[in-house]
Amino acid sequence: LFVPRCIYSTNNPTTTMKLTIASLILGSAAAFQPHTALNAVPKSSSALDMKYTVAVVGGGPSGACAAEIFAQEKNIETVMFERKFDNAKPCGGAIPLCMIGEFDIPETVVDRKVRKMNLISPSGVEVDIGDTLKPNEYIGMCRREIMDKYLRDRAIEYGAQPINGLVTSVDIPANHKQTEEPYTINYMEFTEGSSAGTPKTMDVDVIVGADGANSRVAKCMDAGLYNFAIAFQERIKISDDKMKFYEEMAEMYVGDDVSPDFYGWVFPKYDHVGVGTGTVVNRPAIKQYQKAIRERAGDKIAGGKIIKVEAHPIPEHYRPRRVQGRIALVGDAAGYVTKCSGEGIYFAAKSGRMAAQEIVKLMKSGSVL
């Protein structure tokens, strides 16, 4: 997601709205530096022929990008837990141009290249905020089921072992910060065609929690709580003629009718539009705001068929504790989201990769823990 910042001036009787574009998805590497380093205790000589096992819990952008780094180390065995490998995470799906190159994402993963952006005021005044983009720049619009699968498959190709499982809890030894005693992951493993899981356990040496805003890893490591917004989106299939308008166009709607503290949006996807809104201060009224954004979009989406309804939490700030012993949180699990816009895809991928790179460095490519 992305959003402009509005500055209102009332120097004359006619209110003038001046617009500046908030940074879409820019961030510095310093934003992801952990507060405490993972412990680097020399590996015992009796176990030099053994690999360390790193468990990445979650197979979204943060987990997949972390697993990709670990999987390239011959002394690290990488397992990646994901409950639904065909999951379509509820998400606006906007990514910055820099992510395409930085993470080697093929353009086939991008549904639409947004080069036009309109901000629509409560009174219906439209302001073109897309002219800040240069001719060769665009905002990528993706479906998460497509992009996440691409990133996951790449990690698997490097050697990450995928496990179709739901992590339910983690047993953390009392002395885990001072010793090499392993963590025990308790999970339900699922097989294709069966909804019933089989309870299993696995001992691992390092855990990366990439399991989203409702992270069970965060809960087990007592990472602390954070406030969150609720985002609601409907995927709406509209006619080809109406879809032409949104070929390169994204719309953002502001006003108390669509959200008292966020914004509503219409984002183009492959063969439909994502229409949604979000709020922190009045989450129970989210369906009321969703009805309003559909009404504000009006004729542009009239006659459309709702093909999917989605809702998900968006963190509002970092968790108080994001590194504990040999456990680290990344992405939404850590709270790495832009508060003003709800953007988190790039930060998820970036934090997952950076955390994995730092852990590999501290482990000296798997020779110490």
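Below you will find a few notes about this structure. (Residues numbered from 1 in each chain as written. Predicted model: local features only at pLDDT ≥ 70, side-chain atom pairs only at ≥ 80, totals over all residues. Heavy atoms only, no water.)

## Topic: the side chain of S215
Assignment of secondary structure puts S215 in the loop between β13 (206-209) and α4 (216-220). There is a polar contact of 2.6 Å between the side chain of S215 and the side chain of D211. For S215, the contacting residues outside a window of four places in its chain are R319, L329 and A333. (Helix = DSSP H or I, 4+ residues; strand = E, 2+ residues; numbered from the N terminus. Polar contact = N/O pair within 3.5 Å; in protein donor to acceptor, adjacent residues only side chain to side chain. Contact = heavy atoms within 4.5 Å.)

## Quick look at the packing of aromatic side chains
According to the stated counting rule, one finds 8 aromatic pairs in the structure shown. On the numbers, 4.9 Å between centres and 85° between planes, the contact of F245 with Y246 is edge-to-face. Judged by its relative accessible area of 37%, F245 falls in the partly exposed class. Geometry around Y226 places R319 over its ring, the cationic atom sitting 4.1 Å from the centre. (Phe/Tyr/Trp six-rings, centres within 6.5 Å; stacked < 30°, edge-to-face > 60°. Buried < 20%, exposed > 50% of the residue type's maximum accessible area, 1.4 Å probe, protein only. Lys NZ or Arg CZ within 6 Å of the ring centre and 35° of its normal.)

## A look at helix α6 (residues 286-297)
When the terminal C-alpha atoms of α6 are compared, their 17 Å separation across 12 residues agrees well with the 16 Å that a helix rising 1.5 Å per residue should span. The set of residues buried in α6 consists of I286, Y289, Q290, A292, I293, R296 and A297. Along the axis of α6, the buried positions cluster into a sector of 160°, meaning they face one direction only. Seen from the buried face of α6, the exposed residues on the opposite side, beyond 90 degrees, are K287, Q288 and E295. As for α6, its buried residues are in contact with β7 (116-120), β14 (228-237), β15 (249-253), β16 (264-268) and β17 (273-279). With its phi angle positive at about 55°, G298 sits one or two positions after the end of α6. (Expected span 1.5 Å × (residues − 1). Arc of directions from axis to C-beta.)

## Notes on the environment of A250
Mapped onto the elements of the fold, A250 is located in strand β15. Taking the C-alpha atoms as reference, A250 lies 5.0 Å from F267; in sequence the two are 17 residues apart.

## Brief notes about the nonpolar core
Side chains of a nonpolar character, in soluble globular proteins, are inclined to be buried together. Judged by nonpolar contacts, the single largest core of 40 residues is most densely connected at F81, M99, M147, I185, I207 and L329. Broken down by element, the residue count for this core peaks at 4 residues, all from helix α8 (residues 345-362). If we skip the residues at most four places from it in the chain, M99 touches D104, I105, M147, I345, Y346 and A349. Residues V56, A66, I69 and V208 belong to the second largest nonpolar core, which totals 22 residues. (Core = buried A, V, L, I, M, F, W, Y, C linked by side-chain atoms within 4.5 Å.)

## Topic: the pairing of strand β3 (residues 52-57)
The element β3 is extensively covered by neighbouring structure, given that 6 of its 6 residues are classed as buried. Judged by which residues are buried, β3 turns out to be covered on both faces: Y52, V54 and V56 on one side and T53, A55 and V57 on the other are all buried. Of the strand pairs in this sheet, β3 and strand β4 (residues 76-82) are connected by 6 bridges, and their pairing is parallel. Across the sheet, the residue bridging to V57 is F81, located in β4. The parallel pair β3 and β4, bridged by helix α1 (residues 61-71), forms a crossover whose chirality is right-handed. Relative to β13, β3 is paired through 4 bridges, and the arrangement is parallel. Bridge pairing links V57 to G209 in β13. (Pairing = 2+ DSSP bridges. Right-handed = clockwise from strand over helix to strand, strands pointing away.)

## Quick notes on the sheet that holds strand β5 (residues 94-95)
Here we have 3 strands laid out as an open sheet, ordered β5-β9-β6, and antiparallel in their pairing. The open sheet has two edge strands with one neighbour each: β5 and β6 (112-114). Direction of pairing for β5 relative to strand β9 (residues 139-141): antiparallel, over a ladder of 2 bridges. Bridging across to β9, I95 finds its partner in G140.

## Looking at unusual backbone geometry
Among all residues except glycine, the phi angle is most often negative; among peptide bonds, the trans geometry is most common. Phi at D104 takes a positive value of approximately 50°, unusual for a residue other than glycine. With respect to the secondary-structure elements, D104 resides in the loop between α2 (97-102) and β6. A relative accessible area of 55% means that D104 is categorised as exposed. You will see that D222, though not glycine, has its phi angle at about 55°, which is positive.

## Some words on the sheet that holds strand β18 (residues 305-315)
The strand order β8-β7-β15-β16-β17-β14-β18 describes an open sheet built from 7 strands, whose pairing is mixed. The two strands at the open ends of the sheet, each matched to only one other strand, are β8 (126-128) and β18. Averaged over neighbouring strand pairs, the angle between their axes works out to 20° when direction is ignored. Taken together, the 3 bridges between β7 and β8 define a ladder with antiparallel strand orientation. Considered in β8, the bridge of N118 is made with D128. Against the sheet, α6 contacts β7, β14, β15, β16 and β17, and its axis sits at roughly 135° relative to β17. (Axes fitted to C-alpha atoms, helices over the stretch in contact; angles between N-to-C directions.)

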